[in-house]
Amino acid sequence: MSGAHIPVLLSEIVAAVAPRDGDLIVDGTFGRGGYARGLLAAADCRVVGIDRDPEAVAEGRRLEAEQPGRFRIVEGRFGAMDTLVGEQADGVVLDLGVSSPQLDDPARGFSFRADGPLDMRMGRDGQSAADVVNAMAEDDLANVIYDFGEERLSRRVARAIVAARKEARIERTLQLAEIVRRVVPRSKDGIDPATRTFQALRLWVNEELTELDHGLSGAERLLRPGGRLAVVTFHSLEDRRVKRFLAERSGAGGGVSRHVAAPGGETRAPSFRLAAKRSVTPGESETRSNPRARSARLRAAIRSDAPAWPSGERGRVAA
């Protein structure tokens, strides 16, 4: 496998999806192919990889050549997986966030540790992070940094960015990182003060939380009864969304009924069954060999034979 990406919780992912001969598994965040290769090695199954990053798609083309008839790469967003794949699947895997090759390449603009263009786009289109910090109104910028980065000092950061851009356009990663570091003190745990602002901009630029919502609903529509969904998250914003979705869709949100009340009063049968009540986290040996795995959480569920809920619908457990 080219690149430096180490797939997190690989054995746990394979166990959660439990591929069998003849299965079709969707790797919705192909990256550098770590999960796809692990799944292909576990059974005589087929895997469809999805990614919007051109470099990931190029890696997928290489895997297609290695595994003719067993692997296919599709360029696109995993939120549209049910349209992109075109047939029902036995498993869906999502590894959320930025990959190590993306983070480690200064030219991609994700990292505050090395200088590069302030880009952060995973795909080929849309606004860059530079476009956002140079054009967004101060109040809106503060809200993005607070909501997507959970930065307590978001208004201070937004004010500093607006002041700096009046002097010169903000075009480089280290340029922005230094602006943030001047107004946000370093925390006791040693996390760089720019971490939360960079996370917020990356999530906003790539619409990652919206994409996650679409992807979860897409997986619900795509999976056949008994199909398995496995999602790895790396921060609380993602994990809360996945946990809430699976709790609602499984009827595990605190009530006792097998059916869930939908808007308008009708009930909906649970579309998933939780594979485990708690998330799975990496063991000590994995976090020691791959420090970026420390914050990873895996949640998994099994598709029931109930119809998929309408996209975006939320419910409560009926009494």
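Higher on the page you've got the structure.
We now turn to the structure provided with this report. (Residues numbered from 1 in each chain as written. Predicted model: local features only at pLDDT ≥ 70, side-chain atom pairs only at ≥ 80, totals over all residues. Heavy atoms only, no water.)

**Comments concerning the pattern of salt bridges**
Then comes step 1: Counted by the stated rule, this structure contains 30 salt bridges.
Then comes step 2: Note that E87 is salt-bridged to R46, the shortest N-O span being 3.3 Å. Of this pair, E87 sits in the loop between α4 (81-85) and β4 (89-95) while R46 sits in strand β2 (residues 46-51), and the two are 41 residues apart along the sequence.
Then comes step 3: Looking at R46, the relative accessible area reads 33%, which means it is partly exposed.
Then comes step 4: Of the charged contacts, one joins R288 and E284 as a salt bridge, the two residues approaching to 3.3 Å between their closest N and O atoms. On the criterion of helical spacing, the pair formed by R288 and E284 is a turn pair, its members being four residues apart in helix α13 (residues 284-289). Note on accessibility: R288 and E284 belong to one class, exposed. (Salt bridge = Lys/Arg side-chain N within 4 Å of Asp/Glu carboxyl O. Helix = DSSP H or I, 4+ residues; strand = E, 2+ residues; numbered from the N terminus. Buried < 20%, exposed > 50% of the residue type's maximum accessible area, 1.4 Å probe, protein only.)

**A word on the side chain of R108**
Then comes step 1: Checked against the element boundaries, R108 lands in the loop between α5 (100-104) and α6 (129-135).
Then comes step 2: The class for R108 is buried, based on a relative accessible area of 11%.
Then comes step 3: A polar atom in the side chain of R108 sits 2.9 Å from the side chain of D53.
Then comes step 4: In this view, R108 contacts D53, E55, Q102, P117, D119, M120, R121 and M122; residues no more than four positions away in its chain are not counted. (Polar contact = N/O pair within 3.5 Å; in protein donor to acceptor, adjacent residues only side chain to side chain. Contact = heavy atoms within 4.5 Å.)

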